[in-house]
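Reading the structure
In case you want the letters, here they are:
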Amino acid sequence: MADSTKPLSDEERKELEELRAEKARSERERQARRDRAELEHLKAERERAKAETERDRRVREMSEKNARLMEPDDDLNMPKGQKVVLICLAVLVVAIILVTVLGH
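Description of the structure in this document.

With that out of the way, let us pick up the overall build of the protein. Within the protein, the secondary structure is distributed over 3 helices and 0 strands. What you see in the protein, going N to C, is helices and strands ordered as α-α-α. The globule rule puts the C-alpha radius of gyration for 104 residues at 13 Å, and the 39 Å found for the protein is more than 25% above it. Within the structure as shown, the protein displays about 9,900 Å² of accessible surface, and the carbon and sulfur contribution to it stands at 59%. Averaging the locations of the 23 positively and 24 negatively charged side chains of the protein gives two centres separated by 3 Å.

The next thing to look at is the pattern of salt bridges. Applying the stated rule across the entire model yields 7 salt bridges. Put simply, Glu27 and Arg30 hold a salt bridge, and the shortest N to O gap is 2.8 Å. Here the residue Glu27 and the residue Arg30 both occupy positions in helix H2 (residues 10-70), the gap between them amounting to 3 residues, near one helical turn. The shortest N-O distance in the salt bridge between Glu27 and Arg34 comes to 3.0 Å. Residue classification places Arg34 among the partly exposed positions, given a relative accessible area of 42%. A single network of salt bridges, built from pairs that share partners, joins Glu54, Arg57, Arg58 and Glu61.

Together, Leu69, Met70, Met78, Val85, Leu86, Leu89, Leu92 and Ile96 give the surface a local cluster of nonpolar side chains, amounting to about 700 Å² of exposed area. Secondary-structure elements contributing two or more residues to the nonpolar patch are H2 and helix H3 (80-102). A total of 5 residues in the nonpolar patch trace back to one element, the largest contributor, which is H3. You can see Val85 is positioned in helix H3. With a relative accessible area of 43%, Val85 lands in the partly exposed category.

About the criteria used
Residues numbered from 1 in each chain as written. Predicted model: local features only at pLDDT ≥ 70, side-chain atom pairs only at ≥ 80, totals over all residues. Heavy atoms only, no water. Helix = DSSP H or I, 4+ residues; strand = E, 2+ residues; numbered from the N terminus. Rg over C-alpha atoms; globule rule 2.2 N^0.38 Å. Areas by Shrake-Rupley, 256 points an atom, 1.4 Å probe, with all protein chains shown as cover. Lys, Arg positive; Asp, Glu negative; His and termini not counted. Charge placed at Lys NZ, Arg CZ, Asp CG, Glu CD. Salt bridge = Lys/Arg side-chain N within 4 Å of Asp/Glu carboxyl O. Buried < 20%, exposed > 50% of the residue type's maximum accessible area, 1.4 Å probe, protein only. Patch = residues over 30% accessible without salt bridge, like charges linked within 9 Å, V, L, I, M, F, W, Y side chains within 5 Å.

Any functional reading would require information beyond the geometric quantities listed.
Following this line, the structure appears as structure tokens:
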């Protein structure tokens, strides 16, 4: 107990200062690593959000394009997509009829 109440010697004080400096340096390094990890995490999060926004934009554009192809316009004209489907079906029906008639 007597040791703990007597003042530090110059050597002990120097060692204490060195240990404090080492501890502070170590803490700064840990903080720098935490900051770097946080920076990388935030960058990745920003990139994911940007990619998701871009994907949403492409999906929206594709949906709008498909709607223009398959839904009637304001004048209720048949859209191009429906015309193509009907033409393909007509060609298929004609081909089946020809095979049936000419096959016998």
